[in-house]
Amino acid sequence: MFEKIADFIMKHSKAIVVAWIIILIVAVPFALKSGEVMRYDLNDMASDQSESIQGLVTIGTYFPSMDADASSMPILVVKFDNNDGYLQSLDFATYLNDAITTDETWKEKVSSVIAVPTEYSGSGTSITLMGIVYISSSAQSVMDDTPVLRSFINETYSKYLDEKGEQRMLSMYLTGSPALSYDMSTGAMSDLERIDPFTIFLILVLVGLFFRSFITSATPPITIGFAFVVVLALIFGIGQILNIFFVTEMMLLVSMMGAGCDYCIFIISRYREELRSGKSHDEALRESIIWAGESIATSACSVIIGFGAMSICSYSLVSTMGICLAVGIIVALFAALTLIPSILNIVGDRIFWPSRMDTFKEGGKSTKGWYGWFGNLGTRYFEASAKASKRFAVPIIIAAILITVPAAYVTLNNETSYDMIGAMQTGDSGTGMDLMGEYANEGVLMPDYAVIEYDVPLAYVYTLTLKIPFTDPIVMKVLFWNNSDEKLFQGLDKLTDDIENIDDNVASVISYFDWETTYEEAKIKHPGVDTETLVALICQDLQSEGKTTYAIALNSTFTQVSQLISDYDTIAMMYPLINCTMNCNTATLGGDFVSETVTPSSSIPETVKLEAEIARKAVEEMIPFVQVTLSEDACAAQYIKITMATQDSAMSPKSMNTIAGLKNVINDYVSDPANHVEVKWVTGTAVVMYDVSEKISGEFKMIELLVIVLIIIMLFFVMKSYTIPFRSVITILMSISWTIAMTHIVFVNILGGEVSWLVPLILLVICLGLGMDYDILLTTRIKENVIKGESNDEAIHHAVMHTGSVITICGLIMGGAFGTLMLSGMEMIQEFGFALCFAILVDALIVRTYIVPAVMHVLGDWNWKCPKFMKPKI
């Protein structure tokens, strides 16, 4: 097949170059738009069929949208170092609230700024949290406001200091989900701006030194650059159908530049090698396409298998990454296999300018001076390594096993982190999250939810109309509990207590709110206090319990109703109105009232009807000269959302254990028929990640097995050997275990961080593909030598000598390309960069140079045992 490919390329070289230029021109407009399809919301990355995603859908469908939702609210983390700073933070919260709610731009977007002080002893460093409550806005618009909001806050603080004549005592960091998403997107762009030039510079330097030509050094990155633009255009199309996470673009660039440049270099170096051996241009080019083409095609197939297998994962972050990376390698291979030989056919050995082929002959310039010394050093090194692998084969194998055993133990027993947000946070929002983790309950930003649908309504929502003379009627929603089954609420109260007692990591639990009970208990707790002060004290208690949402809703209710009824005592007695606001407006209760689907009067319990009529008469008595009417029918509230916030980061290992406990508590509650549960969902961003990790951990075992089986089958047919496929996979798994162990040692034991759970899983699949590159490049050369009549040991010796320098430079390029990911500001990207760089370098410099030749020497003729019909003609 490769003979035909060689003939076609050599015959149509100019047409191939022109075709690539046309494809590039067509692809550029779409490639420039590829950033538009990148996603930053982790919830977009999970399967639509999972319980946690279905729970989020249920919340969006059956629960009212709420303004004061901690999971989507910008949070200003204000750091101070002493008591004066603490007092200034509280005073500034009031100042900021007044400034933002009166500003012409912001008053249409933000309803209030709520200060949530943490416990403070009066000395030392601590923080005050300020929730910026948006008037119903999309998550995207809140995220887009982040840089402008930060500027406004900084300008307002400067004005505050000038007006008050005080010193700057506060450091402020805007965080929360919108700010985190914004900083991730800008951080990703900033990372690419650092990584791209460094990757290309590294390739230019290494290839230039290897070939002693700046033209040759520029050819592989330009060729793969063509391919990269084409792939970005394809990604723009793929992104119209699938969710593509922004990490994919980073991985795509370095994998294509690393692997693609390797393929280009292997063809160019083989072409140079054949020219140096005395062959003509046509013979050298044809030989390089046939033999090097087969090697890189086989190598690329192993990489495509590794990436492609990721596409069956149900977690779209992984599946779409696999699809995009596989597409990238396919296009890179096609470019290396067609464009590079076409360029070589057109320009010939002028591609090595200013070097000339005669300079590489004995006595030529390239055999003298520093370049000749380094070249001879490389030749001597690989000749020595080939001899050492043969002479000390058994000790080398034993040493590899002795290193692998403890590495495998570390790999199998180390704990990984599920904290995707912590692993990818960057910028001010990341600093804010770290401060919250140190001084407050970090989990409040990403609470977990237990959503329950009952087969009987928890409450009924009526429409109350106040007809006031000479003005438009005032319409209110009022809520009445369904007390026909006392066990229903007893079970719900017990469930709330059980969730609070899961473990010491539970910071707060928000369940249904009954104003009558809260009000009566507050009057006992604070005897003789007037109602307005009592309401303020209740709001403070709610904030201290982590129920800021209720505090905001209660304060808002009294503020609004006081415009109609000035007497706070009267307002406080309007239990149904306050209960409706506290439970429905805060999205604690959900159901038919969201879509205003009414329940016929005949289905409403008589006790509820009676209570509603009593309440109507009471309101009519409270407000003279007002006619009060109540709707005949009501809307049912048959859903409840119980919100749990953790003290630790929502995705920390400890919080993941808390989520497991939450699931157990909910399952126990559901199993009791007395609780009337129809359906339940446990959801939230952290729960989505928990479900994803639980599911794809099992899926990855299947993916890994699939990759191993497919690579073994491919190598069996390409290498025509029973043993080589298994030896290749075993040596790859060995280097992977070393890599995962070293990643844990560096990032956990030395740097004190955590290794993301995705890193070992994806690393294994990627390395099974990419790491196989150098094994295949070496082994195909050994096979070629055997086919040409050399013995097993001679074939190994000559293959190591002739491919050693090429594999080394390719390993340095690919390892360096992945290593540039360590320039990222995101911890997870740094881990990927370190792990892939380490794996590639270990594979290229140690495993392929020493261990593979040693094992193949020990196996001897068993390397080439195969079915008779596949046996190569020697």
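Thresholds applied
- Residues numbered from 1 in each chain as written.
- Predicted model: local features only at pLDDT ≥ 70, side-chain atom pairs only at ≥ 80, totals over all residues.
- Heavy atoms only, no water.
- Helix = DSSP H or I, 4+ residues; strand = E, 2+ residues; numbered from the N terminus.
- Buried < 20%, exposed > 50% of the residue type's maximum accessible area, 1.4 Å probe, protein only.
- Contact = heavy atoms within 4.5 Å.
- Areas by Shrake-Rupley, 256 points an atom, 1.4 Å probe, with all protein chains shown as cover.
- Lys, Arg positive; Asp, Glu negative; His and termini not counted.
- Charge placed at Lys NZ, Arg CZ, Asp CG, Glu CD.
- Core = buried A, V, L, I, M, F, W, Y, C linked by side-chain atoms within 4.5 Å.
- Expected span 1.5 Å × (residues − 1).
- Salt bridge = Lys/Arg side-chain N within 4 Å of Asp/Glu carboxyl O.
- Patch = residues over 30% accessible without salt bridge, like charges linked within 9 Å, V, L, I, M, F, W, Y side chains within 5 Å.
- Pairing = 2+ DSSP bridges.
- Bend = angle between axes of the 7 residues up to and from the residue.
- Phe/Tyr/Trp six-rings, centres within 6.5 Å; stacked < 30°, edge-to-face > 60°.
- Lys NZ or Arg CZ within 6 Å of the ring centre and 35° of its normal.
- Axes fitted to C-alpha atoms, helices over the stretch in contact; angles between N-to-C directions.
- Parallel < 35°, antiparallel > 145°, perpendicular 65-115°, else oblique.
- Left-handed = near helix turned anticlockwise from the far one by under 90°.
- Nonpolar A, V, L, I, M, F, W, Y, C, P; charged D, E, K, R; others polar.
- Disulfide = S-S within 2.5 Å.
- Polar contact = N/O pair within 3.5 Å; in protein donor to acceptor, adjacent residues only side chain to side chain.

Asks: Help me understand the overall build of the chain in this model?
Replies: Along its length, the chain carries 30 helices and 16 strands. If one aligns the C-alpha atoms of the chain with their principal axes, the spans along those axes are about 110 × 65 × 55 Å. The buried share among the 874 residues of the chain stands at 57%. Within the chain, counting contacts between residues at least 6 apart in sequence, those at least 24 apart form 81% of the total. Only carbon and sulfur atoms are counted for the fraction: they give 58% of the accessible area of the chain, which is about 36,000 Å². Averaged over its 54 positive side-chain charges, the chain has a centre that lies 20 Å from the centre of its 95 negative ones.

Asks: Could you clarify how one ought to interpret the nonpolar core in this entry?
Replies: One recurring pattern in soluble globular proteins is that nonpolar side chains are buried together. Phe 246, Tyr 315 and Val 318 are the most contacted members of the largest nonpolar core, which has 221 residues in total. With 18 residues, the top contributor of residues to this core is helix α9 (residues 247–276). With near-sequence residues (within four places) excluded, Val 318 lies in contact with Met 310, Cys 313, Ile 696, Phe 700, Leu 758 and Ile 762. Ranked by size, the runner-up nonpolar core spans 42 residues in total, among them Leu 466, Phe 513, Tyr 519 and Val 535.

Asks: Would you mind showing me how to read helix α15 (residues 427–439) here?
Replies: Each α-helix winds once per 3.6 residues, and so residues spaced three or four apart point in a common direction. Along its 13 residues, α15 runs 19 Å from first to last C-alpha, staying within 8% of the 18 Å computed at 1.5 Å per residue. Buried within α15 are the following residues: Ser 429, Gly 430, Gly 432, Met 433, Leu 435 and Met 436.

Asks: So what exactly am I meant to see when it comes to the pattern of salt bridges here?
Replies: Side chains carrying opposite charge are able to pair once their charged atoms draw close together. Scanning the model with the defined rule gives 27 salt bridges in all. Glu 274 serves as the salt-bridge partner of Arg 270, at 2.8 Å between the closest nitrogen and oxygen. A residue pair is termed a helical-turn pair when its members lie 3 or 4 positions apart in one helix, as Arg 270 and Glu 274 do in helix α9 at 4 residues. Glu 274 sits in the buried class, given a relative accessible area of 6%. Across the pair Lys 663 and Asp 691 runs a salt bridge whose closest N-O atoms are separated by 3.2 Å. Of this pair, Lys 663 sits in helix α24 (residues 653–671) while Asp 691 is found in helix α25 (residues 685–719), placing the two residues 28 residues apart along the sequence. Both residues of the pair, Lys 663 and Asp 691, count as buried.

Asks: I'm lost on a nonpolar patch on the surface in this one. Help?
Replies: Taken together, the side chains of Ile 312, Met 702, Leu 705, Leu 706, Val 709, Leu 710, Ile 713 and Phe 717 make up a nonpolar region of the molecular surface, amounting to roughly 700 Å² of accessible area. Inspection of the secondary structure assignment puts Ile 312 in the loop between α10 (281–309) and α11 (316–347). Since its relative accessible area comes to 40%, Ile 312 is described here as partly exposed.

Asks: Hey, could you run me through the pairing of strand β15 (residues 639–646) in this one?
Replies: Working note: regular strand, side chains alternate between the two faces of the sheet. With 8 of 8 residues buried, β15 lies mostly within the body of the structure. Of the two faces of β15, the one holding Tyr 639, Lys 641, Thr 643 and Ala 645 and the one holding Ile 640, Ile 642, Met 644 and Thr 646 are both buried throughout. Relative to β15, strand β7 (residues 448–454) runs antiparallel, the two being bridged by 6 bridges. Across the sheet, the residue bridging to Ala 450 is Ile 642, located in β15. Note that strand β10 (residues 506–510) and β15 share 4 bridges and pair antiparallel.

Asks: So what exactly am I meant to see when it comes to helix α29 (residues 792–819) here?
Replies: Taking 1.5 Å as the rise per residue, α29 with 28 residues should run 40 Å; its terminal C-alpha atoms sit only 36 Å apart, a clear shortfall. The largest bend in α29 is about 45 degrees, located at Thr 803. Among the 28 residues that make up α29, 20 are buried, leaving the element largely enclosed by the rest of the structure.

Asks: When you look at the environment of Ile 552 in this model, what are you seeing that I'm missing?
Replies: Take Ile 552: it is sitting in helix α19 (residues 548–561). On the accessibility criterion, Ile 552 (14% relative accessible area) is buried.

Asks: Honestly, the packing of aromatic side chains in this entry has me stumped. Any pointers?
Replies: In this description, an aromatic ring pair is defined by two values, namely the gap between the centres and the angle between the planes. Applying the stated rule across the entire model yields 27 aromatic pairs. When the centroid spacing of 5.9 Å and the interplanar angle of 50 degrees are considered together, the rings of Trp 106 and Phe 152 count as tilted. One end of the pair, Trp 106, is in the loop between α4 (83–102) and β3 (110–117); the other, Phe 152, is in helix α6 (residues 146–164), and 46 residues separate them in sequence. Comparing Trp 106 with Phe 152, the two get one shared label, buried. Taking the centre distance of 6.0 Å and the plane angle of 20 degrees together, the rings of Phe 834 and Phe 838 count as stacked. In this pair, Phe 834 and Phe 838 are both assigned in helix α30 (residues 827–859), 4 residues apart and thus about one turn of the helix distant. A relative accessible area of 16% places Phe 834 in the buried class. In this arrangement the basic side chain of Lys 641 is found over the ring face of Phe 63, its NZ or CZ atom lying 6.0 Å from the centre. The residue whose ring lies beneath Lys 641 is Tyr 449, and the NZ or CZ to ring-centre distance is 4.9 Å.

Asks: Explain the packing of α9 against helix α28 (residues 772–787) to me, please; I cannot follow it from the model alone.
Replies: Where α9 contacts α28, the two axes come as close as 12 Å, and the packing angle between them is 25 degrees. As far as their axial angle goes, α28 and α9 are roughly parallel. The chirality of how α9 crosses α28 is right-handed. Contact residues: α9 offers Ala 259, Asp 262, Tyr 263, Phe 266, Arg 270 and Glu 273, while α28 offers Asp 773, Tyr 774, Leu 777, Arg 781 and Glu 784. When the residues that make up the contact of α9 with α28 are grouped by side-chain class, the tally is 5 nonpolar, no polar and 6 charged.

Asks: Before we go on, may I ask you to explain unusual backbone geometry in this structure?
Replies: A negative phi holds for most residues other than glycine; trans holds for most peptide bonds. A positive phi angle, near 60 degrees, is found at His 676, a position not held by glycine. Looking at the secondary structure, you find His 676 in the loop between α24 and β16 (677–683). Phi is positive for Lys 720, close to 55 degrees, though the residue is something other than glycine. Considering the arrangement of structural elements, one finds Lys 720 in the loop between α25 and α26 (723–750).

Asks: Hey, could you run me through the environment of Ser 342 in this one?
Replies: Following the sequence through the fold, Ser 342 ends up in helix α11. Residue class for Ser 342 comes out buried when judged on its relative accessible area of 0%. Separated by 124 residues in the primary sequence, Ser 342 and Leu 466 have C-alpha atoms spaced 84 Å apart. Setting aside its immediate chain neighbours within four residues, Ser 342 contacts Ile 9, Ser 13, Ile 16 and Val 17.

Asks: Is there a simple way to think about a negative patch on the surface in this case?
Replies: Taken together, the side chains of Asp 530, Glu 532, Asp 567 and Asp 569 present a region of like negative charge at the surface. Mapped onto the elements of the fold, Asp 530 is located in the loop between α17 (515–525) and α18 (531–544). Its relative accessible area of 44% is what places Asp 530 among the partly exposed residues.

Asks: What am I meant to see in the environment of Val 855 here?
Replies: Checked against the element boundaries, Val 855 lands in helix α30. Separated by 445 residues in sequence, Val 855 and Val 410 place their C-alpha atoms 25 Å apart. Leave out the neighbours within four places in its chain, and Val 855 touches Ile 397 and Arg 727.

Asks: When you look at the state of the cysteines in this model, what are you seeing that I'm missing?
Replies: One covalent bond between the sulfur atoms of two cysteine residues makes up a disulfide. Under the defined criterion, the tally for this structure stands at 0 disulfides. Considering cysteine sulfurs only, Cys 261 is the nearest to Cys 264, which forms no disulfide, with 5.9 Å between them. A relative accessible area of 0% places Cys 264 in the buried class. Of all cysteine sulfurs in the structure, the one in Cys 313 sits closest to Cys 324, which takes part in no disulfide; the separation is 14 Å. We classify Cys 324 as buried; its relative accessible area is 0%.

Asks: Would you mind going over the side chain of Lys 641 with me for this structure?
Replies: Mapped onto the fold, Lys 641 is located in strand β15. Accessibility expressed as a relative area gives 6% for Lys 641, which makes it buried. There is a polar contact of 3.4 Å between the side chain of Lys 641 and the backbone oxygen of Ala 587.

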